[in-house]
Amino acid sequence: MTLEKLLRDLKYEVICGDVSTEITDITNDSRKVTDGGLYFAVPGAKVDGAEFIPEVIRKGASAIITEKSEEKLGHILENDMLLNGEFEEIVEDRVTIILVEDTRVAMGIISSEFYGNPSEEIRVIGITGTKGKTTTSYMVKEMLELAGIKTGLIGTIEIDDGANHIPALNTTPESIVIQKTLRDMVNNDCEAVVMEISSQAMLLHRVSGLDVDYAIFTNLSPDHIGPNEHSDYEDYRDCKKKLFSIARMGIYNLDDPETPYMMEGSTARPITFGKSEDADYIAVGHKLYSENGILGIEYKLEGTLEGDVRVDLPGDFSIYNSLAAIVVADCMGVSFDEIKRILEMIKVRGRVEMIPISDKFTLMIDYAHNGMSLESLLKAIREYNPKRLVSLFGCGGNRAKSRRYEMGEVSGKYADFSIITSDNPRDEDPQAILDDIKGAIDKTGGKYVDIIDRKEAIRYAIMNAEEGDVIILAGKGHEDYQEIKGQKHHMDERDLIREILEEEDVSEICGYNNRYFTE
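This is a predicted model, so every value here is computed, not measured.

Colleague: Explanation requested: the sheet that holds strand 22 (residues 470-474) in the structure shown.
Modeller: Where strands meet in a sheet, backbone hydrogen bonds hold them as pairs that are either parallel or antiparallel. Across the sheet, 6 strands lie side by side as 17-18-22-19-20-21; this open sheet has mixed pairing. Strand pairing shows two members of the sheet lacking a second neighbour, strand 17 (353-354) and strand 21 (448-450), which therefore form its edges. Alignment of strand 18 (residues 362-366) against strand 22, held across 5 bridges, turns out to be parallel. By the bridge assignment, Ile-365 is partnered in strand 22 with Leu-473. Where helix 14 (residues 401-414) meets the sheet, its contacts fall on strand 19 (389-393) and strand 20 (417-420), and the angle it forms with strand 19 comes to roughly 165°. Across the sheet, helix 15 (residues 430-444) touches strand 19, strand 20 and strand 21, and the angle it forms with strand 21 is around 170°.

Put into structure tokens, the structure is as follows:
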């Protein structure tokens, strides 16, 4: 593909070279430049990609996209020992250099063109907000998949391109990765993709060149404010809002106080959901239920669709997550009867994921790994009036100690009993982390026990469960590893539970029901 074709939707200036040159690959990583490739010299928070221009020229790059002026590029090249001399003499016959206003914007638009504009061939569902993006994304994906619509995923946990599951490095990857992944999804017969779109992704133009069919707004509260992120709450909010200027349809949680601002000036056609009677899809009169170790919620849906809805996931937040999934499915032609059937089947790995091993008590796994998320979860489960609410958790090493204190205080305040254990200690002494947490719980007067080994801690929780208890294994969620001294060791809590339950004495004590591991 010629560089000229890749540039057709951009304003640009040719610093040197010929736009008729053929481009065989694109990258923003100087280490991955190949002969005939196009390099995006992206300015970063710590490293400026322009500093690697001499290196990529030596590697045989055909073209470079930059926002640096010819004068600034000249200084970079002249300071390079192997490329000293006059700018035009060095470069003109070796590479085409294109000047653009914003390299990241150009990277998104060019990436889309290079991979054949794949977002025009697949329905794109983007989700933004502070809390609930991951759970909502999996609910929407599961809803569509179970309705027969093959759906890919780009999110915090993983990328699922319809054939492979790839661990995620960022909530929303760089635009090159997005566009290549979408092309893979199309080739793998996906009809839709659900994407978590972070504020950082909007700030750094990672979704430039992307056609978004449905944009979902979950909620908004202060987050990601600080160095190399957002300067203040207003900047954070404005970056979120930008998604609704590139989407065809905006799906908004009308109960969130920031929704009017998110809708203001939006070019997306609005659809709303929530408990408000002004919403298009209205949840009325919710009721909690607990059956055979499963906690769930049911409500009556009014407005655009009418009928009873039942979701085998607990908490008020499950109403909003399910409403978002209902709206998308309805817009994509899934019948309401099918929607209701699917909602009773949906499970989200690591997000209030119930492991129904006993009819006597409820055991669940959740990713809550900071004070705010743990408090929200414990308050939600407290509404089910468990005999005891048991919180099993730890905190990661090499992270702010404030998180330990916050989680300890929250668990001590809202749980009836805490089991403190190891999470990802990384380079720290696990016992030191537990001691920090214990100090915070002591301030609340909460009851607790500390057991470093996570498997032993889970065994203790199961062996000492009482009828009517709800036991929450918090912090690991979807993770299937434990990080110790720079090494990731396999550790999946589901495997630990299964191994524990294979012990005869445990099975007898807890009234073990094997349906979870056999279905």
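Having put the structure on the table, let's press on.
Colleague: I would appreciate a short explanation of helix 15 in the present structure.
Modeller: Each turn of an α-helix holds 3.6 residues, which means side chains three or four residues apart point in the same direction. With 15 residues, helix 15 extends 22 Å from end C-alpha to end C-alpha; this agrees with the ideal 21 Å at 1.5 Å per step. For helix 15, the set of buried residues is Ile-433, Leu-434, Asp-436, Ile-437, Lys-438, Ala-440 and Ile-441. Buried residues along helix 15 sit in contact with strand 19, helix 14, strand 20 and strand 21. Phi turns positive one or two residues past the end of helix 15, at Gly-445, with a value near 80°.

Colleague: Teacher, can you tell me more about the layout of surface pockets here?
Modeller: A water-sized probe rolled over the atoms picks out the places where empty space is left. The volume enclosed by the second largest pocket comes to roughly 1,200 Å³. Around the second largest pocket, the lining is made up of 40 residues, and of these Asn-28, Asp-29, Asn-170, Glu-174 and Val-177 lie nearest the centre. Only strand 2 (25-27), strand 3 (37-40), strand 9 (165-167), helix 7 (175-187) and helix 8 (199-203) provide two or more residues apiece to the lining of the second largest pocket. No other element matches the 5 residues that helix 7 contributes to the lining of the second largest pocket. For the lining of the second largest pocket, the class distribution of residues is 19 nonpolar, 10 polar and 11 charged.

Colleague: Looking at this model, I keep getting lost on the sheet that holds strand 6 (residues 123-128). Mind explaining?
Modeller: One open sheet holds the 11 strands; their spatial order is 9-8-7-10-6-11-12-13-14-15-16, and the pairing between them is mixed. Where the open sheet ends on each side, the last strands, each with one partner, are strand 9 and strand 16 (307-311). Ignoring which end each strand starts from, the neighbouring axes of this sheet average 20° apart. Its contacts with the sheet put helix 12 (residues 336-343) on strand 15 (294-303) and strand 16, and the angle it makes with strand 16 is roughly 25°.

Colleague: Help me understand the pattern of salt bridges, please; the structure alone is not making it clear to me.
Modeller: Any two side chains of opposite charge can pair, on the condition that their charged atoms come close. Inspection of the entire model under this criterion finds 38 salt bridges. Two residues, Lys-180 and Asp-184, come together in a salt bridge whose shortest N-O distance is 3.1 Å. Of this pair, Lys-180 and Asp-184 both sit in helix 7, 4 residues apart, which is roughly one turn of the helix. The shortest N-O distance in the salt bridge between Arg-426 and Glu-483 comes to 3.5 Å. Residue Arg-426 is found in the loop between strand 20 and helix 15, and its partner Glu-483 is found in strand 23 (residues 481-484); the two are separated by 57 residues along the sequence.

Colleague: In this structure, what is going on with the packing of aromatic side chains? I would like to understand it.
Modeller: Applying the stated criterion to the full structure yields 3 aromatic pairs. With a centroid separation of 6.4 Å and an interplanar angle of 45°, the aromatic rings of Tyr-233 and Tyr-236 are classed as tilted. Of this pair, Tyr-233 and Tyr-236 both sit in helix 9 (residues 233-241), 3 residues apart, which is roughly one turn of that helix. According to the relative accessible area criterion, Tyr-233 is buried, its value standing at 18%. Here Tyr-236 falls in the buried class, since its relative accessible area comes to 1%. The lysine or arginine in question, Arg-310, covers the ring of Tyr-289, its NZ or CZ lying 3.8 Å from the ring centre. It is Lys-488 that lies over the ring of Tyr-481; its NZ or CZ is 4.3 Å from the centre.

Colleague: Honestly, the nonpolar core in this entry has me stumped. Any pointers?
Modeller: Inside soluble globular proteins, nonpolar side chains tend to come together where they are buried. Judged by nonpolar contacts, the single largest core of 70 residues is most densely connected at Ile-125, Tyr-281, Tyr-299, Leu-301, Ile-326, Leu-343 and Ile-472. Considering every element that reaches this core, the biggest residue donor is helix 11 (residues 317-331), with 9 residues. Residues contacting Tyr-281, with those up to four places away along its chain left out, are Ile-271, Thr-272, Phe-273, Gly-274, Leu-301, Glu-302, Thr-304, Leu-305, Leu-323, Ile-326, Val-327 and Asp-330.

Colleague: Would you mind going over the pairing of strand 7 (residues 151-154) with me for this structure?
Modeller: Side-chain direction in a regular strand flips from residue to residue, so the side chains alternate between the two faces of the sheet. Alternating residues of strand 7 divide into Thr-151 and Leu-153 and Gly-152 and Ile-154, and every residue in both groups is buried. Summarising the sheet, strand 7 and strand 10 (residues 192-196) pair through 4 bridges and their orientation is parallel. For Leu-153, the partnering residue across the bridge sits in strand 10 and is Val-194. Two elements, strand 7 and strand 8 (residues 158-160), share 2 bridges in a ladder whose sense is antiparallel. Paired with Ile-154 across the strands is Ile-159, a residue of strand 8.

Colleague: Help me understand helix 6 (residues 133-146) in this model?
Modeller: For helix 6, with 14 residues, the first-to-last C-alpha span of 20 Å sits near the 20 Å given by 1.5 Å per residue. Counting buried residues in helix 6 gives 11 out of 14 residues, a clear majority hidden from the surface. Taken together, the buried positions of helix 6 are Lys-133, Thr-134, Thr-135, Thr-136, Ser-137, Tyr-138, Met-139, Val-140, Lys-141, Met-143 and Leu-144.

So, how was this worked out
Residues numbered from 1 in each chain as written. Predicted model: local features only at pLDDT ≥ 70, side-chain atom pairs only at ≥ 80, totals over all residues. Heavy atoms only, no water. Pairing = 2+ DSSP bridges. Helix = DSSP H or I, 4+ residues; strand = E, 2+ residues; numbered from the N terminus. Contact = heavy atoms within 4.5 Å. Axes fitted to C-alpha atoms, helices over the stretch in contact; angles between N-to-C directions. Expected span 1.5 Å × (residues − 1). Buried < 20%, exposed > 50% of the residue type's maximum accessible area, 1.4 Å probe, protein only. 1 Å grid on protein atoms, 1.4 Å probe; cavity = no way out; pocket = protein on both sides within 12 Å on 5 of 7 lines; lining within 4 Å. Points joined across faces, edges and corners; volume = space filled by probe spheres on them. Nonpolar A, V, L, I, M, F, W, Y, C, P; charged D, E, K, R; others polar. Salt bridge = Lys/Arg side-chain N within 4 Å of Asp/Glu carboxyl O. Phe/Tyr/Trp six-rings, centres within 6.5 Å; stacked < 30°, edge-to-face > 60°. Lys NZ or Arg CZ within 6 Å of the ring centre and 35° of its normal. Core = buried A, V, L, I, M, F, W, Y, C linked by side-chain atoms within 4.5 Å.

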